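Here's the letter readout for the chains.
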Amino acid sequence: MRPLAELQLLFPEFEYKLTQKDGKIFIYDGIAKKYRALTPEEWVRQHCLNYLTRYLNYPSSIIQIERGHEIDQMQRRTDIQVFDKQGNVFMLIECKAPHVALSAQVFQQISQYQKKNEARFLVLTNGLEHQIFEIDIEKATTNQLTEFPIYQ
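These numbers come from a predicted model, not from an experiment. (Residues numbered from 1 in each chain as written. Predicted model: local features only at pLDDT ≥ 70, side-chain atom pairs only at ≥ 80, totals over all residues. Heavy atoms only, no water.)

(A) Structural view of the pattern of salt bridges. Going through the model one piece at a time under the given rule, you end up with five salt bridges. Residue Arg 36 pairs with Asp 29 through a salt bridge whose shortest N-O separation is 2.6 Å. With a relative accessible area of 0%, Asp 29 lands in the buried category. For Lys 96, the salt bridge is made with Glu 94, and the minimal N-O distance between the two is 3.3 Å. Neither Lys 96 nor Glu 94 differs from the other in exposure class; each is buried. Residues joined by salt bridges that share partners form a network here, namely Glu 42, Arg 45 and Asp 79. (Salt bridge = Lys/Arg side-chain N within 4 Å of Asp/Glu carboxyl O. Buried < 20%, exposed > 50% of the residue type's maximum accessible area, 1.4 Å probe, protein only.)

(B) A look at the layout of surface pockets. Estimated volume of the largest pocket: approximately 270 Å³. Lining the largest pocket are 13 residues; nearest its centre among them are Phe 14, Tyr 28, Gly 30, Asn 50 and Arg 54. Among the elements that take part in the lining of the largest pocket, helix H1 (residues 40-55) stands out by supplying five residues, more than any other. Here the lining of the largest pocket is composed, by residue class, of five nonpolar, five polar and three charged. What the second largest pocket holds in volume is close to 210 Å³. Lining the second largest pocket are 13 residues, and of these Phe 90, Arg 120, Ile 150, Tyr 151 and Gln 152 sit closest to its centre. Across the lining of the second largest pocket, the residue classes break down as eight nonpolar, two polar and three charged. (1 Å grid on protein atoms, 1.4 Å probe; cavity = no way out; pocket = protein on both sides within 12 Å on 5 of 7 lines; lining within 4 Å. Points joined across faces, edges and corners; volume = space filled by probe spheres on them. Helix = DSSP H or I, 4+ residues; strand = E, 2+ residues; numbered from the N terminus. Nonpolar A, V, L, I, M, F, W, Y, C, P; charged D, E, K, R; others polar.)

(C) Expanded view of the sheet that holds strand S2 (residues 24-29). One open sheet holds the three strands; their spatial order is S1-S2-S3, and the pairing between them is antiparallel. At either end of the open sheet lies a strand with only one pairing partner, and these are strand S1 (18-21) and strand S3 (34-37). Across the sheet, the axes of successive neighbouring strands diverge by a mean angle of 40°, strand direction being ignored. Helix-sheet contacts for H1 involve S2 and S3, and the interaxial angle to S2 is about 20°. (Pairing = 2+ DSSP bridges. Axes fitted to C-alpha atoms, helices over the stretch in contact; angles between N-to-C directions. Contact = heavy atoms within 4.5 Å.)

(D) Representation of the side chain of Asp 79. With respect to the helices and strands, Asp 79 occurs in strand S5 (residues 74-83). According to the relative accessible area criterion, Asp 79 is buried, its value standing at 6%. Once residues lying within four places of it in the same chain are set aside, the contact partners of Asp 79 are Glu 41, Arg 45, Gln 64, Ile 65, Glu 66, Ile 93, Glu 94 and Cys 95.

(E) The side chain of Arg 45, seen in detail. With respect to the helices and strands, Arg 45 occurs in helix H1. Within the structure, the side chain of Arg 45 is placed 3.3 Å from the backbone oxygen of Asp 79, a separation counted as a polar contact. Every residue in contact with Arg 45, bar those within four places of it in the chain, is listed here: Arg 36, Ile 65, Glu 66, Asp 79, Ile 80 and Cys 95. (Polar contact = N/O pair within 3.5 Å; in protein donor to acceptor, adjacent residues only side chain to side chain.)

(F) Inspection of H1 at higher detail. Between its first and last C-alpha atoms H1 spans 22 Å; for 16 residues at 1.5 Å apiece the expected length is 22 Å, and the two agree. If you check which residues of H1 are buried, you get Glu 42, Trp 43, Val 44, Arg 45, Gln 46, His 47, Cys 48, Leu 49, Asn 50, Tyr 51 and Leu 52. (Expected span 1.5 Å × (residues − 1).)

(G) Spotlight on helix H2 (residues 104-117). Between its first and last C-alpha, H2 extends 20 Å over 14 residues, near the 20 Å set by a 1.5 Å rise per residue. Where H2 is concerned, the buried positions are Val 106, Ile 110, Ser 111, Gln 112, Tyr 113, Gln 114 and Asn 117. Taken from the residues just after H2, Glu 118 is the one with a positive phi, measuring 50°.

Right, here's the structure in full:
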């Protein structure tokens, strides 16, 4: 696999902060205000967070990372949750490493989170592909979108 910094993602490039400790590389997470181990999935997540806050103008205060949930008696964590102005979950984002295909299994994973949260938007991304869905819970319909929803 190529070094992460050489991998061209669909997200805009940004100035990120890296540090090294005990031979491991960490990337600064501006939302959580801490360094996280730099994995391929984290590389995608940090690009996605940058896109949401700098390009789509989502306030960092409405974004939560790795929120824990108990689903089917198992502890799970959502990669990114975005809340609306009323404090309801607006969008769930599942980030995968670039080499991981956005398969039915990945959609099943985010669907499990949706059971608990009832978000209006579900997003799957591996940085090379995005699958974005708008969910109308009352009508029980799903519409696939081509762009991330803009913050309003």
